[in-house]
Amino acid sequence: SGIYRGVASSIADFKGQKFDAVLLLDVLEHVVDHADFLKEASELLSPGGTMLVSVPNVAHWSVRASLLCGFFEYTSRGILDRTHLSFFTRRSFRRLLEACPEMALTNIAASIEPVEFLLPAFIWDNAVFQFISRLRLGLAQFWPGLFAYQHLAQLRKSAQR
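Below is a summary of the structure that appears in this document.

Cut-off values and rules
- Residues numbered from 1 in each chain as written.
- Predicted model: local features only at pLDDT ≥ 70, side-chain atom pairs only at ≥ 80, totals over all residues.
- Heavy atoms only, no water.
- Helix = DSSP H or I, 4+ residues; strand = E, 2+ residues; numbered from the N terminus.
- Buried < 20%, exposed > 50% of the residue type's maximum accessible area, 1.4 Å probe, protein only.
- Core = buried A, V, L, I, M, F, W, Y, C linked by side-chain atoms within 4.5 Å.
- Contact = heavy atoms within 4.5 Å.
- Salt bridge = Lys/Arg side-chain N within 4 Å of Asp/Glu carboxyl O.
- Polar contact = N/O pair within 3.5 Å; in protein donor to acceptor, adjacent residues only side chain to side chain.

## Some remarks on unusual backbone geometry
Reasoning step 1: Its identity is not glycine, yet Asp26 carries a phi of approximately 60 degrees, on the positive side.
Reasoning step 2: The topology assignment puts Asp26 in the loop between β1 (19-25) and α1 (34-43).
Reasoning step 3: Here Asp26 falls in the partly exposed class, since its relative accessible area comes to 35%.

As structure tokens, this is what we get:
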């Protein structure tokens with residue numbers, strides 16, 4: 001099998017095709033019916049295929065702190081991106097994934113804020129910052145509901161079909 005190099009405006013454009021892997025990275029929060037979209041995406045997988053999914057964590061400490069201070073402001077990017085139609089906690093994300101009978105959840109993980117994209121290299125390209133990032137990642141893995149910036153999942157389609 002090859003790598004798909006096309007672009008389509010709708011998942012329906014792929015109907016009838018099969019892929020070994022489907023990536024839904026920062027996608028589900030942008031669609032109206034994320035459960036139906038996930039089901040449609042799973043139908044594109046070959047038997048035994050893998051799906052990788054990521055969603056922002058609306059229960060991240062930064063959002064909680066803002067709410068505590070009385071703020072819920074949409075932004076141009078990040079967890080409260082104004083184009084998000086849905087918000088996920090770890091529990092609601094897991095519930096969505098487990099409700100897709102075509103797929104088995106094989107791994108769920110956490111990520112931290114990608115500050116390297118926002119800050120100049122001299123701030124993050126050093127041993128101290130990398131140590132702090134490892135600590136932040138450890139916190140996100142230990143307490144993902146509070147410290148994960150994004151929830152990440154790997155799912156596998158049954159090999160029978």
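## Some remarks on the nonpolar core
Reasoning step 1: With 24 residues, the main nonpolar core has Val22, Leu24, Leu28, Met51 and Phe93 as its most contacted residues.
Reasoning step 2: Among the secondary structure elements, those contributing two or more residues to this core are β1, α1, β2 (45-56), α3 (90-98), β3 (103-111) and β4 (150-157).
Reasoning step 3: No other element matches the four residues that β2 contributes to this core.
Reasoning step 4: Ignoring sequence-local partners within four residues, the contact set of Leu28 consists of His34, Phe37, Leu38, Val53, Val55, Phe88 and Leu96.

## A few points about the pattern of salt bridges
Close approach of charged atoms allows side chains of opposite charge to pair.
Reasoning step 1: Scanning the entire structure with this criterion turns up four salt bridges.
Reasoning step 2: Residue Glu102 pairs with Lys39 through a salt bridge whose shortest N-O separation is 3.4 Å. With a gap of 63 residues between them, Glu102 in the loop between α3 and β3 and Lys39 in helix α1 connect regions that are remote in the sequence.
Reasoning step 3: Taking the relative accessible area as the measure of exposure, Glu102 reaches 12% and is therefore buried.
Reasoning step 4: Here Arg136 ties to Glu113 by a salt bridge, and the two come within 2.8 Å at their closest N and O atoms. Within this pair, whereas Arg136 is found in helix α5 (residues 127-142), its partner Glu113 is found in the loop between β3 and α4 (121-124), the two being separated by 23 residues in sequence.

## Some words on the side chain of His84
Reasoning step 1: Tracing the backbone through its elements, the reader meets His84 in the loop between α2 (61-68) and α3.
Reasoning step 2: Of note is the side chain of His84, whose polar atom sits 3.0 Å from the backbone oxygen of Ile79.
Reasoning step 3: If we skip the residues at most four places from it in the chain, His84 touches Glu29, His30, Pro56, Gly78 and Ile79.

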